[in-house]
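Results of the structural survey
Okay, here's what each chain looks like letter by letter:
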Amino acid sequence: SKRSIGERRRRRAAEARKEGRILSEQLGGMPVDTVDLAREDLNVSEALQGARVIYVAGGNTFFLRHHMRRSGFDAICKRMVRDEGCVYVGLSAGGIVAGRHICTAFWKGWDDPSIVDVDWSNPSNLEGLGLLPDHVLFPHHDEEKHAELVRQKRADDV
């Protein structure tokens, strides 16, 4: 993209606020706060304090997973879901990261892993949040288009 990092961040934050307003309306006016995990000055514990639901939107799975790890969101989110009964809702990339690993992000080639400087060949970098530890998630699955791909991946135990 020819946009600066700052411009991309501002656009991403504006889109998140817009999605938050829409979600709030759909929930009958329930307050919805948005959190940009890519912000360097983010205090995740403070941002999520008191949350009963964590809704993680889509986007680039690799960007999302990297910033979840970098910000500490992954550990805090897992604790909140497992120990405090917080509900996790993941849309698209937000769903992929909830599973055992994020390898399904490679399957269709939609997300560019080079968006962040991470060694994706290192299996530990591909670990998901493990909220569904026995599952991997493949959003946008189309049985007609992806049946053979899924069969192959299941045979490979990926």
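It should be noted that the structure appears before, not after, this text.
These remarks concern the structure in this document. (Residues numbered from 1 in each chain as written. Predicted model: local features only at pLDDT ≥ 70, side-chain atom pairs only at ≥ 80, totals over all residues. Heavy atoms only, no water.)

1. What about the overall build of the chain?
Heads up, the condition is: Per the convention used, a helix needs a DSSP run of H or I reaching at least four residues, while a strand needs a run of E reaching at least two, with both numbered from the N terminus. In this setup the radius of gyration rests on C-alpha atoms only. A globule is expected at 2.2 Å times the number of residues raised to 0.38. Burial status follows relative accessibility: with a 1.4 Å probe on protein chains alone, a residue under 20% of its type maximum counts as buried, one over 50% as exposed, and anything between as partly exposed. A contact between two residues is defined here by any heavy atoms of the two lying within 4.5 Å. Each accessible area is a Shrake-Rupley estimate made with a 1.4 Å probe; only the visible protein chains count as cover when residues are assessed. Working convention for charge: Lys and Arg count positive, Asp and Glu count negative, and His plus the chain ends are omitted. In this description, the location of a charge corresponds to atom NZ of lysine, CZ of arginine, CG of aspartate or CD of glutamate.
Looking only at helices and strands, one finds 7 helices and 2 strands in the chain. In terms of overall dimensions, the chain is globule-like: its C-alpha atoms have a radius of gyration of 16 Å, near the 15 Å expected for 158 residues. Its C-alpha atoms give the chain principal-axis dimensions of roughly 45 × 40 × 30 Å. In the chain, buried positions account for 35% of the 158 residues. Looking at the chain alone, contacts between residues at least 24 apart form 75% of all its contacts between residues at least 6 apart. As displayed, the chain has an accessible area near 10000 Å², and 49% of this comes from carbon and sulfur atoms. Measuring between centres, the 24 positive side-chain charges of the chain sit 4 Å from its 24 negative side-chain charges.

2. Digging into the environment of Asp-111
Where we set the bar: Polar contact is defined as a pair of N or O atoms within 3.5 Å, subject to the rule that within protein one atom must be able to donate a hydrogen and the other to accept it, and that residues adjacent in sequence are counted only when both atoms are side-chain atoms.
Structurally, Asp-111 can be placed in the loop between helix 6 (104-107) and helix 7 (143-155). Counting along the chain gives 33 residues from Asp-111 to Lys-78, while the straight-line C-alpha distance between them is 24 Å. Dropping the residues within four chain positions of it, Asp-111 is found in contact with Gly-59, Asn-60, Thr-61, Phe-62 and Ala-105. In this structure the side chain of Asp-111 is engaged in a polar contact, spanning 2.6 Å, whose partner is the side chain of Thr-61.

3. Some points on the layout of surface pockets
Heads up, the condition is: Cavities and pockets were defined on a 1 Å grid built from protein atoms only: a cavity is a group of points that admits a 1.4 Å probe but offers it no way out, a pocket is an open group of points flanked by protein on both sides within 12 Å along at least five of seven lines, and a lining residue is one with an atom within 4 Å of any such point. Grid points are joined across faces, edges and corners, and a volume is the space filled by probe spheres set on the points. The residue classification treats Ala, Val, Leu, Ile, Met, Phe, Trp, Tyr, Cys and Pro as nonpolar and Asp, Glu, Lys and Arg as charged. All others, Gly included, are polar.
The volume enclosed by the largest pocket comes to roughly 1600 Å³. Contributing to the lining of the largest pocket are 45 residues, with Ala-16, Val-35, Asp-36, Leu-37 and Ala-57 lying nearest its centre. Elements represented by at least two residues in the lining of the largest pocket include exactly helix 1 (5-26), helix 2 (44-48), strand 1 (53-56) and helix 3 (61-71). A per-element tally of the lining of the largest pocket places helix 1 first, with 11 residues. Split into classes, the residues belonging to the lining of the largest pocket amount to 25 nonpolar, 9 polar and 11 charged.

4. A word on the packing of aromatic side chains
Formally: Only the six-membered ring of Trp is used, alongside the rings of Phe and Tyr, when aromatic pairs are assigned; centres must lie within 6.5 Å, and planes under 30 degrees apart are stacked while those over 60 apart are edge-to-face, with the rest tilted.
For the coordinates displayed, the defined rule picks out 3 aromatic pairs. Each ring, one from Phe-62 and one from Phe-106, has its centre 4.8 Å from the other, and the planes form 50°; the classification is tilted. On the criterion of sequence distance, the pair formed by Phe-62 in helix 3 and Phe-106 in helix 6 is long-range, its members being 44 residues apart.

5. Re the pairing of strand 1
Rule in force here: The pairing criterion is simple: DSSP has to find at least two bridges between the two strands.
Alternating positions in strand 1 separate cleanly, Ile-54 and Val-56 being buried on one face and Val-53 and Tyr-55 remaining unburied on the opposite face. Sheet topology note: the strand 1/strand 2 (residues 87-90) ladder contains 4 bridges and is parallel. Among the inter-strand pairings, Ile-54 is bridged to a residue of strand 2, identified as Tyr-88.

Function cannot be read off these values alone, since they describe shape.
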